[in-house]
Amino acid sequence: MADPMLRPEPDALLASAAREGRGRLKVFLGAAPGVGKTYAMLEAAQARQREGVDVAAAVVETHGRHETEAMLRDLPVLPRRPLVYKGRILTEMDLDGLLARRPDLALIDELAHTNVEGSRHEKRWQDVEEVLAAGIDVYTTLNVQHVETLNETVARITGIRVRETVPDRMLDEADEIELIDLPPEELLQRLHAGKVYVQDQAARAVRAFFAKGNLVALRELSLRAAADRVDAELREHMAAHAIPGPWPAQDRLLVVVTEDPVTRDAIRVAKRSADRARTEWIALSVLSSQAERLTSEAKDRIADFLRLAERLGAELATIEAEHDAVAEVLSFARRHNVRRIVLGRPGAQTWLERLGRWAGAGTLARDLLRQGRDFEITIASGSAPRPGRRTEWPPRRTREGLGVYAAAPLAIALATSAAWAIDTLIPAPSLSLIYMTAVVAVAAIRGIGPAVLAAALGFLAHNFFFVEPRHTFTVAERGELLTLLLFLVASTVTGNLAAQLRARVQAQRAIVDRLGKLHDFGRRVASGATRDDVVWAIVSNVAGTLGCDTLLLAPDDDGGLAVVGGFPPEDRIETRDMTAARFAWDKGEATGRGTGTLPTADWYFLPVRAGDRRLAVLGLRLGDDARLALLDRPLIDSLADQVALALERVRLAEELSRTQLASETERLRTALLSSVSHDLRTPLVTIIGAADSLAEDAGSLAPEARLTLAETIREEGQRLDRYVQNLLDMTRLEHGALRPRPIAVDVADLVGQARHRLRRALERYPIEVDLPADLPMVDVDLTLTEQVLVNLLDNAAKYGPEGRPIRIAARTLGSEVELSVSDDGPGIPPEQRERVFGMFVRLEDSDRHRAGTGLGLAIARGFIEAQGGTIHAEAVREDGTGTRMVLALPTFQEDLTS
Amino acid sequence: MTSAARILIVDDEAPIRRFLRIALESEGYEVVEAGTARDGIRAAAHEQPAAVILDLGLPDADGLAVLRGIREWSQMPVLVLSVRSDEGGKVAALDAGAQDYVTKPFGTREFLARLRALLRDRGEPSPSPSVLEIGDLRIDAAAHTVTKASEPVRLTRREFDLLWLLASHAGRLVTQGQILRTLWGPAHAEDSQYLRVYVRQLRAKIGDDASDPRYIFTEPGVGYRFRSQGPDHI
């Protein structure tokens, strides 16, 4: 019946899927304290328990009410965790105990509760999220005034603001909401009967809160909140099941985040509007050069607002705008299909700011209204108390305070002196230009505010000192008046232009500075070759760029998280910090100091990811100023991106080298196979053939022929034996199973042994041995070194012409003995002299049957290097003929104690 | 060879047993075979062989177990068959009482020479000749003199004792431990350093060349072997 074209929305399916394995959340929502939420929750819990569900009361506040306590009696109650806070012992829900206990259903009262400092999370709703994530169902209670976006409304209705808020998301994600409704009259009766627990607030406030009008309004709010969520569920169900529309167009809503406190209201308005319109929404902060100079208080506020927006479900975005912020905001909005823009109404300004604005700087709100005609623009009005300083747009420097204005009178005083001097020496008519110069100078150095002040002061000073009648503010001539007015206008305008120019220069400088830092960082981090280099580059450069201690944590082999680098070097962190890092890794969110999760940690942890792949966790130890300054955020995020790139690059490089290694292994395997099939079989063919002739012989073979056959079998058998020995040696080398046991060895013994083993192969070669009588013993493994010598002699016999001597020589060379084996063969071309030590490398030889297995020299090198010696090939004669294989072996140091 | 000495072969490889049997029987020995450690120990007890050829790699137990089983009640000569890479097994077998070894693969000549050297002392309660002549060396134990091609060789007391010890065991392996214990006393059984120095000096004096030895052969990591009197010096 379903239209095949109608596929469920992937996002909706994903959302449902993400919920699978999670516990289910049921919220008992009430309009006010005392409506009986806890009681209702316990009642429901008992019913579940009777059904055989394993219920545990993790935290239930009975507030001494007997009925409630009676309800709790039949339920298993988990012990609470005591915490010492400011000398008092307080108890909190034992989150870890609950997770360990793993009931089917946990009762967690008062969702909006704020945990005592030192708990894992700041808020109980965060605990609940973790419990749900662990697959445990949760029943909880909530009063409507604690819902984040309703908080403002409730405050306005009741005049009481509760500080404890719960993000709307909790309600959105609740699987069930039960509204505990009690008519206001009954609630008031209960209040008077002392059945309502009221925190120790002033009685007056309580009376105000429980006014009937308030209760009616609150009840309506909670009913609406519950109804909204039911609606949302229906919608999600429809989306998940591909039920056709009508869907609202996918336009989005955008809220502009500034440091103005009114932004908080704007965010809440945006959230409610977005919910109502069922659209996504974006919280956008604008970075400009002026923003660089915000007070840290203002930066904190912006960071707070962004976090609030994130909690409320907004997507966060930041744009950089050096001068025309409004145009950038509008362009962003167009690109992101935004229909509606919400921003806060800025508060009143000082006269000076108004003047400055009149001279060119508009408010964001006004400019948006003017330029963004194609958008629906909502100005949210604030109720929040404002801090001392006002909001301005573009944001103005505040750090330097009023001191900057001192430049204005100073400049005007200077200008006046200069004008006075000129006036006495050569009376000039256009002294106003001197003042104009002063104004422009002030604008360029101190910005627009002081420039406007300077213009005003200049206007007055010029009038007072140089306009007839002098030393009065009256103006005799109309022409002079016009000049003065024009001066005022001209100096304000030029001052403004100069100030804008200055702002732009500063903006560029800040952006260039940031880009420079990022570029530098990227370059330095990119130059690392190994993982360790890159990790070190990351931590040292992040630390250098941000000016704080830095850590990098990455998953270890056991699935844990371990510190892989730190600047200053550090390899351990406290358990608390490790827990925060673990959370950052698991949840993919920033944790630790300055965040909502484990804020008491010393470090701020930021997950580093490339696409969906989690790579590491970056830790920053921020100073006592715990908040991350907003303007560092884009930089930190960009750094995290760079870190991700660098780590990803290393990972890919490692993968690539693994692949190369694999292909080299593959080449060797192929070579080994062909070697085994050829080199192992050839002697066998001869042996079998010869043996067959002998076995089948009916007496026709001459005795010499029989002997020849038998000798062939022996020779080929010995060749096979050498080959098998090579393969065995190679295997030992390859598997690192080589354990050289060096002892004092007489080189002559070595030579004797090797010659003895090869006595048949060497029969047709005169062997010249040149060993000095005083040659010291060498400190080598006898068996391995003997094998090396056997391989070298074997090669010499293979490549040297029969009857030509093979020369074995040794000499002392410092703390080593140099032992060489030379043949009289054609020699190895210089470019091949290193290659011959590779595995399965054989020199092409016309005399193909002489070629060996291609393992002998590789084994020789492996054995010699494993004992701390070296081996190389050289030519015997100038013309490159003859091969000399030279071994350098460590001399045995006589132990003087024995 | 007058009495047909009985030789026990303990090896799990039938082809090896077969070729050893042919080689041994052609030399006039009587051959008994065993394919497992258990059969080997039993045959050693029941058949009373003159010598045992023992492979170290047996399917049911370590060849060393057979060796120890035999050594519990008999000092009969045991010749161990070892493989080249198994230095440790070889040394362990010698420590456990094996008299000698051959490294696989080996030629029959070498194998028979070893076995002959092992059986030489058997039955003859050593009249211990006071003069040994090997090659152009003449060693007189009573007179403490050595001549090489009739030229006197001057040896110290220790060098002479070393030469006598090796030469009186001609063709047989003499381990470093045996030499050190005999010449320097049990306390010095591990001091193979001394031994190397003396062997070097001795070789120089009797005109032997380690890189192409004619008299004293080094058995790497194990000991020395003096050439046997016969033509088959290995």
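Residues numbered from 1 in each chain as written. Chains lettered and ligands numbered in written order. Predicted model: local features only at pLDDT ≥ 70, side-chain atom pairs only at ≥ 80, totals over all residues.

Undergrad: How should the overall build of chain B be read in this particular structure?
TA: Counting its secondary structure elements, chain B contains eight helices and 12 strands. Looking at chain B as a whole, 34% of its 234 residues qualify as buried. Within chain B, residue pairs in contact and separated by at least 24 positions form 56% of the contacts whose partners lie at least 6 positions apart. (Helix = DSSP H or I, 4+ residues; strand = E, 2+ residues; numbered from the N terminus. Buried ≥ 20, exposed ≤ 12 C-beta atoms within 10 Å, placed from the backbone. Contact = placed C-beta atoms within 7 Å.)

Undergrad: What is the right way to read the overall build of chain A from this model?
TA: Along its length, chain A carries 27 helices and 24 strands. When each of the 898 residues of chain A is scored for burial, the buried share is 38%. In chain A, the share of contacts with a sequence separation of at least 24, taken over all contacts with a separation of at least 6, comes to 71%.

Undergrad: Explain the sheet that holds strand β5 (residues 105–108) of chain A to me, please; I cannot follow it from the model alone.
TA: Residues and elements named next belong to chain A. Spatially, β2-β5-β6-β1-β7 is the arrangement adopted by the five strands of the open sheet, whose pairing is parallel. This sheet does not close on itself; its edge strands, each paired only once, are β2 (55–59) and β7 (176–180). The sheet shows a mean angle of 20 degrees between the axes of neighbouring strands, direction not considered. As paired strands, β2 and β5 are joined by four bridges and run parallel to one another. Opposite A56, over in β5, you have A106 as the bridge partner. (Pairing = 2+ DSSP bridges. Axes fitted to C-alpha atoms, helices over the stretch in contact; angles between N-to-C directions.)

Undergrad: Help me out: how do you make sense of helix α5 (residues 108–120) of chain B in this one?
TA: Every α-helical turn comprises 3.6 residues, leaving residues that sit three or four positions apart pointing alike. Here α5(B) is 13 residues long and its end C-alpha atoms lie 18 Å apart, about the 18 Å a rise of 1.5 Å per residue gives. Next to the buried residues of α5(B) lie β3 (51–55), β4 (78–83) and β5 (100–104) of chain B. (Expected span 1.5 Å × (residues − 1).)

Undergrad: It is not clear to me how the interface of chain A and chain B should be interpreted in this structure. Could you clarify?
TA: Accessible area lost on assembly of the parts is the figure often given for the size of an interface. Each side of the interface is counted separately: chain A has 18 residues, and chain B has 16 residues. Those elements giving two or more residues to the side of chain A that touches chain B turn out to be α24 (703–734), α25 (747–757) and α26 (782–799) of chain A. A total of six residues in the side of chain A that touches chain B trace back to one element, the largest contributor, which is α25(A). Tallied by class, residues from the side of chain A that touches chain B come to seven nonpolar, six polar and five charged. (Nonpolar A, V, L, I, M, F, W, Y, C, P; charged D, E, K, R; others polar.)

Undergrad: Before we go on, may I ask you to explain the pairing of strand β1 (residues 6–10) of chain B in this structure?
TA: On a regular strand, each side chain points to the face opposite its neighbour's, so the side chains alternate between the two faces of the sheet. Residues and elements named next belong to chain B. Burial analysis of β1 places four of its five residues in the buried class, the great majority of the element. Of the pairings in the sheet, the one linking β1 to strand β2 (residues 30–34) comprises five bridges and is parallel in character. Bridge assignment links V10 to a residue of β2, and that residue is A34. Note on the crossover from β1 through helix α1 (residues 14–26) to β2: the handedness is right-handed. Of the pairings in the sheet, the one linking β1 to β3 comprises four bridges and is parallel in character. Looking at β3, one finds that L8 is bridged to V52. (Right-handed = clockwise from strand over helix to strand, strands pointing away.)

Undergrad: When you look at the nonpolar core in this model, what are you seeing that I'm missing?
TA: Nonpolar side chains in soluble globular proteins tend to end up buried together. Residue and element names in this part refer to chain A. Among the nonpolar cores identified, the biggest contains 49 residues, and V27, A58, A106, L107 and V138 are the most heavily contacted of them. Looking at this core element by element, the count peaks at five residues for β2. Apart from residues lying up to four places away in sequence, V138 is in contact with G23, L25, A106, I108, V128, V131 and L132. Listed in part, the 46 residues of the second largest apolar core include M777, V778, V790 and L793. (Core = buried A, V, L, I, M, F, W, Y, C linked by C-beta atoms within 7 Å.)

Undergrad: I keep staring at unusual backbone geometry and nothing clicks. Help me out?
TA: Working note: non-glycine residues mostly have negative phi, and peptide bonds are mostly trans. Residue and element names in this part refer to chain A. Cis geometry marks the peptide bond from F567 to P568, where omega comes out at -5 degrees. Inspection of the secondary structure puts P568 in the loop between β14 (561–567) and α22 (575–587). With a phi close to 50 degrees, E110 is a non-glycine residue in the positive phi region. Locating E110 in the fold gives a position in the loop between β5 and α5 (124–133). E110 sits in the buried class, given 22 other C-beta atoms within 10 Å.

Undergrad: Looking at this structure, I do not really get the environment of L857(A). What am I missing?
TA: Residue and element names in this part refer to chain A. Position of L857 among the secondary structure elements: in helix α27 (residues 856–866). Once the C-alpha coordinates of L857 and L792 are considered, the two residues, 65 residues apart in sequence, prove to be 7.4 Å apart. Every residue in contact with L857, bar those within four places of it in the chain, is listed here: N791, V836 and F837.

Undergrad: What should I look at first to understand α25(A) in this one?
TA: α25(A) sits mainly inside the fold: 10 of its 11 residues count as buried. For α25(A), every residue scored as buried is listed here: V747(A), A748(A), D749(A), L750(A), V751(A), G752(A), Q753(A), A754(A), R755(A) and R757(A).

Undergrad: So what exactly am I meant to see when it comes to the UniProt feature "transmembrane region" (unreviewed entry) in chain A here?
TA: All names here are of chain A. The feature "transmembrane region" (unreviewed entry), as given by UniProt, occupies residues 402–422, 434–460 and 481–499 in the numbering adopted here. Overall, residues 434–460 shows 96% helix and 0% strand. The separation of its end C-alpha atoms is 14 Å. Note that residues 481–499 is 100% helix and 0% strand, and that its end C-alpha atoms are spaced 27 Å apart. (UniProt positions renumbered as here; feature names shortened; annotations may be inferred.)

Undergrad: Any chance you could explain the confidence of the model for chain A here in plain terms?
TA: For residues with low pLDDT, the predicted coordinates do not support detailed interpretation. All names here are of chain A. Looking at chain A as a whole, its pLDDT mean stands at 77, while 82% of the residues score no less than 70. pLDDT under 50 marks residues 237–249. Its contacts with residues more than four places away, or in other chains, come to 16 contacts. Confidence over residues 384–400 falls short of pLDDT 50; this stretch has 39 contacts with residues more than four positions distant or in other chains. (pLDDT = per-residue confidence, 0-100.)

Undergrad: Is there a simple way to explain the environment of T378(A) in this structure?
TA: Residue and element names in this part refer to chain A. Here T378 shows up in strand β12 (residues 376–380). Residue classification places T378 among the partly exposed residues on the basis of 16 C-beta atoms within 10 Å. T378 sits 34 residues away from G344 along the chain, and the two C-alpha atoms are 8.3 Å apart. With near-sequence residues (within four places) excluded, T378 lies in contact with V269, R340 and V342.

Undergrad: Could you clarify how one ought to interpret the packing of helix α7 (residues 176–184) of chain B against helix α8 (residues 192–206) of chain B in this entry?
TA: Helix-helix packing is described using two parameters, namely the angle between the two axes and the distance between the axes. Residue and element names in this part refer to chain B. Relative to each other, α7 and α8 sit at 85 degrees, their axes nearing to 10 Å. With respect to each other, α7 and α8 are oriented roughly perpendicular. Mapping the contact onto sequence places Q176, I179, L180 and W184 in α7 and S192, Y194 and L195 in α8. Tallied by class, the residues present in the contact of α7 with α8 amount to five nonpolar, two polar and no charged. (Parallel < 35°, antiparallel > 145°, perpendicular 65-115°, else oblique.)

Undergrad: What's the story with the environment of L792(A) in this structure? I'm lost.
TA: All names here are of chain A. Positionally, L792 belongs in helix α26. For L792, a count of 27 C-beta atoms within 10 Å puts it in the buried group. Residues L792 and D823 lie 31 residues apart in sequence; the distance between their C-alpha atoms is 9.8 Å. Apart from the residues lying within four places of it in its own chain, the contact partners of L792 are V821, A860 and M885.

Undergrad: Hey, could you run me through the packing of helix α17 (residues 407–425) of chain A against helix α18 (residues 432–446) of chain A in this one?
TA: All names here are of chain A. In the contact formed by α17 and α18, the axes pass within 9 Å of each other and the chain directions differ by 155 degrees. What the angle tells us is that α17 and α18 run roughly antiparallel. The crossing of α17 and α18 is right-handed. Touching A407, A408, A411, I412, L414, A415, A418 and A419 of α17 are I434, Y435, A438, A441, V442, I445 and R446, all from α18. Grouping the constituent residues of the contact of α17 with α18 by class yields 14 nonpolar, no polar and one charged. (Left-handed = near helix turned anticlockwise from the far one by under 90°.)

Undergrad: Help me understand the confidence of the model for chain B in this model?
TA: Here chain B averages 86 in pLDDT, and 91% of its residues register 70 or above. Confidence estimates for the predicted assembly give a pTM of 0.45 and an ipTM of 0.79.

Undergrad: I'm lost on the sheet that holds β1(B) in this one. Help?
TA: Neighbouring strands of a sheet are bound in pairs by backbone hydrogen bonds; such pairs are parallel or else antiparallel. Residues and elements named next belong to chain B. Reading across the sheet, the five strands line up as β2-β1-β3-β4-β5 and stay open at both edges, with parallel pairing between neighbours. Both outer strands of the open sheet, β2 and β5, are each paired with one neighbouring strand and no more. Taking the axes of each pair of neighbouring strands and ignoring which way they run, one obtains an average angle of 20 degrees across the sheet. Lying over the sheet, helix α4 (residues 87–95) contacts β4 and β5, oriented at roughly 170 degrees with respect to β4.

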